[in-house]
Amino acid sequence: MNKKIKILIIPKKILLYLIIGFSLILVLVLFNRYRANMMVWKHRENNNAPIKEYGNVAIIIDDFGNVEGGTLEMLDLKIPLTCAIMPFLKKTEEHAILANSKGHEVIIHMPMEPHKGDPKWLGEKGITSKLSTEEIKAITREAIADVPHAVGLNNHMGSKATEDPRIMGAIISVLKENNMYIIDSKTSIKSVIKEVANEYGVPVIERSIFLDNEKNISEIKRQLNELGKIAIQKKKAVAIGHVGPEGGLVTVKAINEMIQQIEGMGVKFVKASELFIN
Ligand SMILES: [Zn+2]
């Protein structure tokens, strides 16, 4: 009788090992289930979740208001553009209204004196060093009135004018009055736009890259790829392309064919004003 009872009673040590063993098995089962869930979740994340954005890119298109080359096709691109429209021209108002109606941002493409080049390229009201500070301010105000929907300004040419703190101070003080930003197209490495804008507290950003210095589709695509890389590296980047003879349809085609690839890099296309929001 005593012997039978002894067999049924499990020694404490063995009981302890059994409890530890069961606990370990339970932990392993639960961990495996958790890991399987995590893998499903990750798979879902990779396939359905929107691409995480690592950098923002603004594409500015210069020389609207002037000639027609690629204007309508450019405005039909399915990404937000920032359209730099030259003031005081036949098509100025029409292009500004059209760009705005298609959801793009409008800025003034202000003609400014270059070191080299034909003064005729500036049109009647180009900004030159011959003008007084008050005259420059007056032309800037007229340009703002002439380009509907404009929220900023960049320079057309201007390698000479953008090096002059007096000229840039006059323009930027008027932008300040109108809560507008400035983009430095960087046609001169000695441009003072950034420091003068900082002085006035006007939002400023410098061009990172020109898209169509060479009017060749593979070269423009190479520049777009470079733009994506800069955006990833620096969180934001600005490109300048052109309608008209400097770019036009070739630039439109290159951008259109690169949209998916650049977005795939983790880059989002934004309007220039969105680059000022961190
Ligand atoms: Zn231009």
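Residues numbered from 1 in each chain as written. Predicted model: local features only at pLDDT ≥ 70, side-chain atom pairs only at ≥ 80, totals over all residues. Heavy atoms only, no water.

Enquirer: Explain the overall build of the protein here, please?
Expert: Each helix and strand counted, the protein has nine helices and nine strands in total. Of all intrachain contacts in the protein linking residues separated by at least 6 positions in sequence, the fraction that spans at least 24 positions is 74%. Surface accessibility of the protein: about 16000 Å² in total, with carbon and sulfur atoms responsible for 57%. (Helix = DSSP H or I, 4+ residues; strand = E, 2+ residues; numbered from the N terminus. Contact = heavy atoms within 4.5 Å. Areas by Shrake-Rupley, 256 points an atom, 1.4 Å probe, with all protein chains shown as cover.)

Enquirer: Would you explain the side chain of H242 in this entry?
Expert: Along the chain, H242 turns up in strand 8 (residues 236-242). Among the polar contacts listed, one links the side chain of H242 to the side chain of D212, at a separation of 2.8 Å. Leave out the neighbours within four places in its chain, and H242 touches I61, D62, D63, M74, F210, D212, G247, G248 and T251. (Polar contact = N/O pair within 3.5 Å; in protein donor to acceptor, adjacent residues only side chain to side chain.)

Enquirer: Can you walk me through helix 8 (residues 217-234) in this structure?
Expert: Counting along an α-helix, one turn takes 3.6 residues, and residues three or four places apart therefore face a common direction. Taking 1.5 Å as the rise per residue, helix 8 with 18 residues should run 26 Å; its terminal C-alpha atoms sit 26 Å apart, in good agreement. Taken from the residues just after helix 8, K235 is the one with a positive phi, measuring 75 degrees. (Expected span 1.5 Å × (residues − 1).)

Enquirer: Even after reading the chapter, I still don't get the pattern of salt bridges, so can you show me in this structure?
Expert: Any two side chains of opposite charge can pair, so long as their charged atoms come close to each other. The final tally for this structure, using the stated rule, is eleven salt bridges. Of the charged contacts in the structure, one is a salt bridge between E94 and K91, with a shortest N-O distance of 3.6 Å. Judged by its relative accessible area of 44%, E94 falls in the partly exposed class. Two residues, E226 and K229, come together in a salt bridge whose shortest N-O distance is 4.0 Å. Of this pair, E226 and K229 both sit in helix 8, three residues apart, which is roughly one turn of that helix. You can call E226 partly exposed: its relative accessible area is 31%. Here the salt bridges do not stand alone but share partners, grouping K221, K253 and E257 into one network. (Salt bridge = Lys/Arg side-chain N within 4 Å of Asp/Glu carboxyl O. Buried < 20%, exposed > 50% of the residue type's maximum accessible area, 1.4 Å probe, protein only.)

Enquirer: Can you help me understand the side chain of S185 in this one?
Expert: Checked against the element boundaries, S185 lands in the loop between strand 5 (181-184) and helix 7 (193-200). For S185, a relative accessible area of 1% puts it in the buried group. A polar atom in the side chain of S185 sits 2.9 Å from the backbone oxygen of N155. For S185, the residues in contact, after removing those within four places along its chain, are N154, N155, R207, F210 and I240.

Enquirer: How should I be thinking about the nonpolar core in this particular structure?
Expert: The nonpolar side chains of a soluble globular protein tend to be buried, and buried together. Ranked by internal contacts, the top residues of the largest apolar core, which has 60 residues, are I59, M168, I182, L224 and I255. When residues of this core are assigned to their parent elements, the largest contribution, seven residues, is made by helix 6 (residues 165-177). Residues contacting I182, with those up to four places away along its chain left out, are L153, M168, I172, L175, I193, A197, V202, P203, V204 and I205. Of all hydrophobic cores here, the second largest spans 13 residues; its members include A58, I205, I240 and A272. (Core = buried A, V, L, I, M, F, W, Y, C linked by side-chain atoms within 4.5 Å.)

Enquirer: Where do I start with helix 5 (residues 133-146) in this structure?
Expert: An ideal rise of 1.5 Å per residue puts 20 Å on 14 residues; helix 5 measures up with 20 Å between its terminal C-alpha atoms. Those residues of helix 5 that are buried are in contact with strand 3 (105-112), strand 4 (150-157) and helix 6.

Enquirer: What is the right way to read a nonpolar patch on the surface from this model?
Expert: A cluster of nonpolar side chains, namely I10, I14, L15, L18, I19, F22, I25 and V29, defines an oily patch on the protein surface of about 760 Å² accessible area. One can find V29 in helix 2 (residues 12-48). The exposure class of V29 is partly exposed, given its relative accessible area of 45%. (Patch = residues over 30% accessible without salt bridge, like charges linked within 9 Å, V, L, I, M, F, W, Y side chains within 5 Å.)

Enquirer: Help me out: how do you make sense of the packing of helix 5 against helix 6 in this one?
Expert: Working note: a packed helix pair is described by the angle between its axes plus the distance between those axes. The contact between helix 5 and helix 6 brings their axes to 9 Å, and the two run at 40 degrees. Of the possible angle classes, the one that applies to helix 5 and helix 6 is oblique. Handedness of the helix 5/helix 6 crossing: right-handed. Within the contact between the two elements, helix 5 uses T133, I136, K137, T140, R141 and I144 and helix 6 uses R166, I167, A170, I171, S173, V174 and E177. In terms of residue class, the contact of helix 5 with helix 6 is made up of six nonpolar, three polar and four charged. (Axes fitted to C-alpha atoms, helices over the stretch in contact; angles between N-to-C directions. Parallel < 35°, antiparallel > 145°, perpendicular 65-115°, else oblique. Left-handed = near helix turned anticlockwise from the far one by under 90°. Nonpolar A, V, L, I, M, F, W, Y, C, P; charged D, E, K, R; others polar.)

Enquirer: Explain the environment of D212 here, please?
Expert: Mapped onto the elements, D212 comes out in the loop between strand 7 (209-210) and helix 8. Exposure remark for D212: the relative accessible area of 2% places this residue in the buried category. Between the C-alpha atoms of D212 and V250, which are 38 residues apart in sequence, the distance is 8.7 Å. Once residues within four sequence positions are removed from consideration, D212 is found in contact with I220, I240, G241, H242, E246, G247 and T251.

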